[in-house]
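# Structural description and commentary
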Amino acid sequence: INQIVSDFLELILNTNIEKRYTTYSVNMSLRELATLLWEELHPWMTAVSQDKIFKLLNTDSSVTQDLGCSLIELNYQACVDGFSTNNIITLANSANSSIQRKARQIFLEKLSHIRANPHELLESVKLLESKWKDNQDFAYNIFDRELNIEEFTLEIIIRILESTNQDAIELGSNLLSIYFEY
C-alpha cells in the first residue's frame, strides 16, 4: 500500500490534474480519491515524508493542499523537525489560510531553535514582509515581544530596516535605538 500511495502522491504532484482537466467529474474524482486515502488507508499517512508534505502544500490544487494539511497533523513532529525556516516562510505566504496557520504554529514550535541561530533569525525577517497581514502581525509580535535585544545582530536589525513594510521599518528603528543603548 505504501508504494501505491507514494505513486499516487507523485501523480498528484507531477501531473496537476486540476489544471489539465477542468471538468467537475475529474475534480470530484480527485477529491473522492483523497477522501478514500484519508478515511480508508489512514495508516500510510504517518509514513509520508515532510518533503512530500511540503510539495503537496505548495501545489495550486485545494484538494492536495487539504491533504497536505491533514498530513501535517499526523506527521507534526517530523514537519517541525524537517521544515526549514525558509520552508515555513514559503508556507506562510500561501493563499490558503489553513496552511498559513500551520506555518505560524510550526514557527512557534521552532522559535527556540530559530532564536539560537542568527542565520535562521535573519531568514525569519521575511515574515515581516509577508503578503498577508496576519503573518506580518505575527512576525511583528515575535520580533517586538518574544525576542530579547541580545538575540539581534546588527545585520538582522538592518535587514528589518530595509523592509518595504512601514510597521517593520518602525520596529527596526526602535530596535536600532535599543541596540545602541544596550
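Reading the values: rules and limits
- Residues numbered from 1 in each chain as written.
- Predicted model: local features only at pLDDT ≥ 70, side-chain atom pairs only at ≥ 80, totals over all residues.
- Heavy atoms only, no water.
- Core = buried A, V, L, I, M, F, W, Y, C linked by side-chain atoms within 4.5 Å.
- Buried < 20%, exposed > 50% of the residue type's maximum accessible area, 1.4 Å probe, protein only.
- Contact = heavy atoms within 4.5 Å.
- Axes fitted to C-alpha atoms, helices over the stretch in contact; angles between N-to-C directions.
- Helix = DSSP H or I, 4+ residues; strand = E, 2+ residues; numbered from the N terminus.
- Parallel < 35°, antiparallel > 145°, perpendicular 65-115°, else oblique.
- Nonpolar A, V, L, I, M, F, W, Y, C, P; charged D, E, K, R; others polar.
- Salt bridge = Lys/Arg side-chain N within 4 Å of Asp/Glu carboxyl O.
- Phe/Tyr/Trp six-rings, centres within 6.5 Å; stacked < 30°, edge-to-face > 60°.

### Here we look at the nonpolar core
Ranked by internal contacts, the top residues of the largest apolar core, which has 41 residues, are Phe83, Phe143, Phe152 and Ile160. Setting aside anything within four residues of it in sequence, one finds phenylalanine 83 in contact with Gln50, Ile53, Phe54, Ile72, Ile88, Leu91, Ile106 and Lys110.

### Concerning the packing of helix H11 (residues 133-146) against helix H13 (residues 166-181)
Where H11 meets H13, the closest approach of the two axes is 11 Å, and the angle between their N-to-C directions is 5°. As far as their axial angle goes, H13 and H11 are roughly parallel. Residues Lys133, Tyr140, Phe143 and Asp144 of H11 pack against Asp167, Leu171 and Leu175 of H13. For the contact of H11 with H13, the residue count by class is 4 nonpolar, no polar and 3 charged.

### Structural notes on the pattern of salt bridges
One pass over the full model with this rule turns up 7 salt bridges. The salt bridge involving glutamate 123 is made with lysine 126; its shortest N-O contact spans 2.7 Å. Overall, the relative accessible area of 16% leaves glutamate 123 in the buried class. Sharing partners across several salt bridges, the network here consists of Lys133, Asp137 and Asp167.

### So, the packing of aromatic side chains
The final tally for this structure, using the stated rule, is 4 aromatic pairs. Consider the rings of phenylalanine 54 and phenylalanine 83, whose centres lie 5.9 Å apart with planes at 65°: the pair is edge-to-face. Placement of the pair is phenylalanine 54 in helix H4 (residues 50-57) and phenylalanine 83 in the loop between helix H6 (76-82) and helix H7 (85-92), with a sequence separation of 29 residues. Classification of phenylalanine 54 as buried rests on a relative accessible area of 16%. Looking at phenylalanine 83, the relative accessible area reads 0%, which means it is buried. Geometrically, the ring pair formed by phenylalanine 107 and phenylalanine 138 is edge-to-face, given 5.7 Å between the ring centres and 80° between the ring planes. Placement of phenylalanine 107 in helix H8 (residues 97-109) and of phenylalanine 138 in helix H11 is noted, with a sequence separation of 31 residues between them.

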